[in-house]
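Residue-level listing of the chains:
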Amino acid sequence: MADSIMSKAATMEIPINSNGDSRTLGEDDGLEQDLQQVMVSGPNLNETSIVSGGYGGAAEGIIPTSSIKGPAIFFNPEYLDRRKSGDPKEDLRNKSRGITPSQSAASRIANQAQRYPAPSMHHSNSNANMMAEEATRGIAVEKFDTVKKWGINTYKCTKQMFSERFGRGSRTVDLELETQIDLLRDTKSKYENVLQLASSLTSHFYNMVQTQQALGDIFADLSQKSPELQDEFGYNAETQKLLCKNGETLLGAINFFVSSVNTLVNKTMEDTLMTIKMYENARLEFDAYRADLEELSAGPRDAGTMVRIEMAQQQYQVHRDKYERLRSDVSIKLKFLEENKVKVMHKQLLLFHNAISAYFAGNQQQLEQTLRQFNVKLKPPGSDKPSWLEEQ
């Protein structure tokens, strides 16, 4: 009996997995029983071979152990008592793994956490990036549509403009309105000339007043230093000072006249001319889309052409409404501009005439009364200079 057991142990192969873990519980129980028999018999491993297998269980190589001398396994009498009593010490499987159950579980959890990371902020960041990309894409598409519409509109208007200049295209004309517009442009040009001349008069008259003031100061100084010509220098000094005072009063009237004409020309008339420019652009666009609609209507009527004709009809109606609205605005502004021009220039021309007449007549009282009549306030001498607070 002992010989049969030893022959069996001498030819026995012990499968060992690469991770030291057994596949099934049945295989572990069989291994333990065989180990118990071998421990009882106490054989040598001189004729024993160890087969190393992988996960699949197939033998990859046989390691001969005939060169190993002496017993490789010793009997442990505490093994059976520990198995029977259920001692919570390490069993063979955990000892072969080399790690405790808690460490093994922790390692599995860590590997799962690394393999499947928690979607904490990744989804929120990706959603924010997608929303930003969609917003950017929407802005780009909107800009592209705007540029496309601008390009088509510019092409049509340029084509219409060259057609009108070479006499090949027709244009919409409002004779009464065109006459008023031409009259306004001519009036503005003449008023600009008046404004330029009045500004030059103001500049030259200001220099003359400054010269009179300096001359009066010199006469007054010479009157004090020349006793034999004291009266003559005194009379001339008083005359120059009076002329200087009246000149400053006249300068106030002329400056008021220049300021009012400047407001009328460069603000009121310019605003009306800006509306006229918008009206002319709308007229050109209207004629361009009208010519496009007429060209499509004169061609063949297939399905694609009917769709284009319908779209051209819509664009024609939009630009027609815009043209009619701006034409009405221009008519109203021209009417109010004419009324405002007559009212402003009537007051300013009367002021200019009365001030000039009173000054050169030497009527100081009439000159001051004219300024009071038109509510012209004179600036005190030295008011143009900055105060000592501003200089600080």
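Parameters and conventions
- Residues numbered from 1 in each chain as written.
- Predicted model: local features only at pLDDT ≥ 70, side-chain atom pairs only at ≥ 80, totals over all residues.
- Heavy atoms only, no water.
- Core = buried A, V, L, I, M, F, W, Y, C linked by side-chain atoms within 4.5 Å.
- Buried < 20%, exposed > 50% of the residue type's maximum accessible area, 1.4 Å probe, protein only.
- Helix = DSSP H or I, 4+ residues; strand = E, 2+ residues; numbered from the N terminus.
- Contact = heavy atoms within 4.5 Å.
- Patch = residues over 30% accessible without salt bridge, like charges linked within 9 Å, V, L, I, M, F, W, Y side chains within 5 Å.
- Areas by Shrake-Rupley, 256 points an atom, 1.4 Å probe, with all protein chains shown as cover.
- Salt bridge = Lys/Arg side-chain N within 4 Å of Asp/Glu carboxyl O.
- Axes fitted to C-alpha atoms, helices over the stretch in contact; angles between N-to-C directions.
- Parallel < 35°, antiparallel > 145°, perpendicular 65-115°, else oblique.
- Left-handed = near helix turned anticlockwise from the far one by under 90°.
- Nonpolar A, V, L, I, M, F, W, Y, C, P; charged D, E, K, R; others polar.

**Q** Quick one: what's the story with the nonpolar core, residue by residue and with numbers?
**A** Counting 43 residues, the largest nonpolar core has Ile181, Leu184, Ile276, Tyr279, Val330 and Leu334 as its most contacted members. Taken together, the elements giving at least two residues each to this core come down to helix H7 (175-225), helix H8 (230-298), helix H9 (303-361) and helix H10 (364-373). The dominant element in this core, judged by the number of residues it contributes, is H8, at 18 residues. Not counting residues within four places of it along the chain, the set of residues in contact with valine 330 comprises Leu177, Ile181, Thr275, Ile276 and Tyr279.

**Q** Residue-level account of a nonpolar patch on the surface, with values.
**A** Residues Met161, Phe162 and Phe166 make up a contiguous nonpolar surface patch of roughly 320 Å² in combined accessible area. Secondary-structure assignment places phenylalanine 162 in helix H6 (residues 122-165). Exposure remark for phenylalanine 162: the relative accessible area of 42% places this residue in the partly exposed category.

**Q** I'd love a proper account of the packing of H7 against H9, names of residues and values included.
**A** In the contact formed by H7 and H9, the axes pass within 12 Å of each other and the chain directions differ by 25°. If you check the angle between H7 and H9, you find them roughly parallel. For the element pair H7 and H9, the recorded crossing hand is left-handed. Note on element contacts: H9 touches H7 through Arg327, Val330, Ser331, Leu334, Leu337, Lys341, Met345, Phe352 and Tyr359, opposite Leu177, Gln180, Ile181, Leu184, Thr187, Tyr191, Leu201, Phe205, Met208 and Gln212. The class makeup of the residues in the contact of H7 with H9 is 13 nonpolar, four polar and two charged.

**Q** So what's going on with the pattern of salt bridges? Residues and values would help.
**A** Counted by the stated rule, this structure contains 15 salt bridges. Salt-bridge contacts for arginine 283 lead to aspartate 287; the nearest nitrogen and oxygen are separated by 2.6 Å. Here aspartate 287 and arginine 283 lie together in helix H8, a separation of four residues that amounts to about one turn. What makes arginine 283 buried here is its relative accessible area of 9%. What makes aspartate 287 buried here is its relative accessible area of 0%. Lysine 322 is the partner of glutamate 285 in a salt bridge, and the nearest nitrogen-oxygen pair spans 3.6 Å.

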